[in-house]
Amino acid sequence: MKVKGRKRAGVYLAKLLIVVSKKAVKQHWEKSFPPWIYEEKMPEKVRKWCENEEKK
Amino acid sequence: MYEKLSRCLAQWCQNRCQVNEEEREAVEYGIRIVILTFCKFWLFVFLGGILGYGKEVVAALIVFGSIRRFAGGIHMSSSFKCTLAMGCMLSVCIWMSNYPKADEKVLFFFWITTLALAVYFAPADFTENKGAMVRWKQKVKAICIINMWYIAALMICKTSMHNVIIAAAVIEAISLILYGGKDESERT
């Protein structure tokens, strides 16, 4: 029972972390640091992911 | 170090939830941003605490951050420059906290000025493509937050906090001027 509970807590924590990090990336992309201003380039895969999310 | 930590955390998330490779990269990058922001916040609080201005630094960061969330403002071109600019902003707030309490006339002058700048420039960010309604809502929220902080400043008796709130709000309003009115290509 304890192990199951811990596993479930881990899944919830991972989901929370995913939601928070995706939100941070989206904000980074849309609002704060778009490519024409920011010197530190966003990785290509992340940029593609942001473009796909924007299309959705 | 934080890159390694973000990679480990992203991998940990992937093991627990269904995340494809592209998403995993985005999550890793997002975790890196969150860690950096978190570190920056605690660095300033720690330095402020050492100098004996911990509360003032926290207050300045909350006031500045909450207004900036909706009003926007100028951005530095790298994370390092951003940290330096935040350091300068907090130094000004700490410096202002040592001045005598701003009287009501001064407070109302800054209140009106900050509101005027927010009405004219906010939201000074990159959401032009989001439509007029979204931008209008952002502007209204920014105005509400500014009013809330100035009312709090009116009610707070402690001189240092009173001055810190006004200073942080004014600096955020100045960052709107620095950003506003520029073309997309000029924004550096």
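Residues numbered from 1 in each chain as written. Chains lettered and ligands numbered in written order. Predicted model: local features only at pLDDT ≥ 70, side-chain atom pairs only at ≥ 80, totals over all residues.

Some details on the overall build of chain A
In terms of helices and strands, chain A carries two helices and zero strands. By the burial criterion, 20% of the 56 residues in chain A qualify as buried. (Helix = DSSP H or I, 4+ residues; strand = E, 2+ residues; numbered from the N terminus. Buried ≥ 20, exposed ≤ 12 C-beta atoms within 10 Å, placed from the backbone.)

Topic: the overall build of chain B
Along the backbone of chain B there are seven helices and zero strands. Secondary structure elements of chain B, listed N to C terminal, follow the sequence α-α-α-α-α-α-α. C-alpha atoms of chain B, sized along the principal axes, occupy 60 × 45 × 30 Å. For chain B, long-range pairs separated by at least 24 residues make up 75% of all intrachain contacts whose partners lie at least 6 apart in sequence. (Contact = placed C-beta atoms within 7 Å.)

Describing helix α5 (residues 104-121) of chain B
All names here are of chain B. With 18 residues, α5 should reach 26 Å at 1.5 Å per residue; the first-to-last C-alpha distance of 25 Å fits that figure. Inspection of α5 places Trp111, Thr114, Leu117, Ala118 and Phe121 among the buried residues, and these make up the whole buried set. Summarising the axial view, the buried residues of α5 lie within an arc of 140 degrees, below the 170-degree limit, and thus occupy one face. Away from its buried face by more than 90 degrees, α5 exposes Glu104, Lys105, Phe109, Ile112 and Ala116. (Expected span 1.5 Å × (residues − 1). Arc of directions from axis to C-beta.)

Some remarks on the nonpolar core
By size, the foremost hydrophobic cluster in this structure holds 38 residues, and its most contacted members are Ala60, Ala168 and Ala169 of chain B. At the level of elements, α3 (54-71), α4 (79-97), α5, α6 (132-155) and α7 (159-179) of chain B are the ones that each hand at least two residues to this core. Per-element tally for this core: the top contributor is α7 of chain B, with 10 residues. Filtering out sequence-adjacent residues up to four positions away, alanine 60 of chain B remains in contact with Leu90, Cys93, Val164 and Ala168 of chain B. Listed in part, the 17 residues of the second largest apolar core include Ile18 and Val46 of chain A together with Ala26 and Ile33 of chain B. (Core = buried A, V, L, I, M, F, W, Y, C linked by C-beta atoms within 7 Å.)

Regarding the domain arrangement of chain B
Residue and element names in this part refer to chain B. For chain B, the domain assignment lists domain 1 (1-52) and domain 2 (54-186). Taken over C-alpha atoms, the centre of domain 1 sits 26 Å from the centre of domain 2. Taken residue by residue, the interface counts seven residues in domain 1 and nine residues in domain 2. By residue class, the composition of the side of domain 1 that touches domain 2 is four nonpolar, two polar and one charged. (Domains from an automatic or database assignment. Nonpolar A, V, L, I, M, F, W, Y, C, P; charged D, E, K, R; others polar.)

Some thoughts on the confidence of the model for chain B
All names here are of chain B. Chain-level pLDDT for chain B is 84 on average; 93% of the residues reach the 70-or-more range. Considering each helix and strand of chain B separately, the mean pLDDT is smallest for helix α1 (residues 2-16), with a value of 82, and largest for α3, with 90. Predicted as a complex, the structure gets a pTM of 0.80 and an ipTM equal to 0.83. (pLDDT = per-residue confidence, 0-100.)

Things to note about the packing of helix α2 (residues 21-51) of chain B against α4 of chain B
Residue and element names in this part refer to chain B. The N-to-C vectors of α2 and α4 enclose an angle of 30 degrees; their axes lie 12 Å apart at closest approach. Between α2 and α4, the angle is such that the two are roughly parallel. Where α2 crosses over α4, the handedness of that crossing is right-handed. Residue-level contacts link Leu36, Lys40, Phe44 and Gly48 of α2 to Ser79, Thr83, Met86 and Leu90 of α4. Taken together, the residues of the contact of α2 with α4 break down into four nonpolar, three polar and one charged. (Axes fitted to C-alpha atoms, helices over the stretch in contact; angles between N-to-C directions. Parallel < 35°, antiparallel > 145°, perpendicular 65-115°, else oblique. Left-handed = near helix turned anticlockwise from the far one by under 90°.)

A few points about the environment of leucine 5 of chain B
Within the secondary structure layout, leucine 5 of chain B lies in helix α1. Leucine 5 of chain B sits 26 residues away from isoleucine 31 of chain B along the chain, and the two C-alpha atoms are 8.8 Å apart.

Quick look at α6 of chain B
All names here are of chain B. Compared with an ideal rise of 1.5 Å per residue, which puts 24 residues at 34 Å, α6 spans 35 Å between its outermost C-alpha atoms and is within 8% of the ideal. What α6 keeps buried is the set Gln138, Ala142, Ile145, Ile146, Trp149, Tyr150 and Ala153. On the buried face of α6, the contacting elements are α3, α5 and α7.

With respect to the environment of serine 91 of chain B
Residues and elements named next belong to chain B. Positionally, serine 91 belongs in helix α4. Note on serine 91: 15 C-beta atoms within 10 Å, which makes it partly exposed. A C-alpha to C-alpha distance of 9.3 Å links serine 91 and glycine 48, two positions 43 residues apart in sequence.

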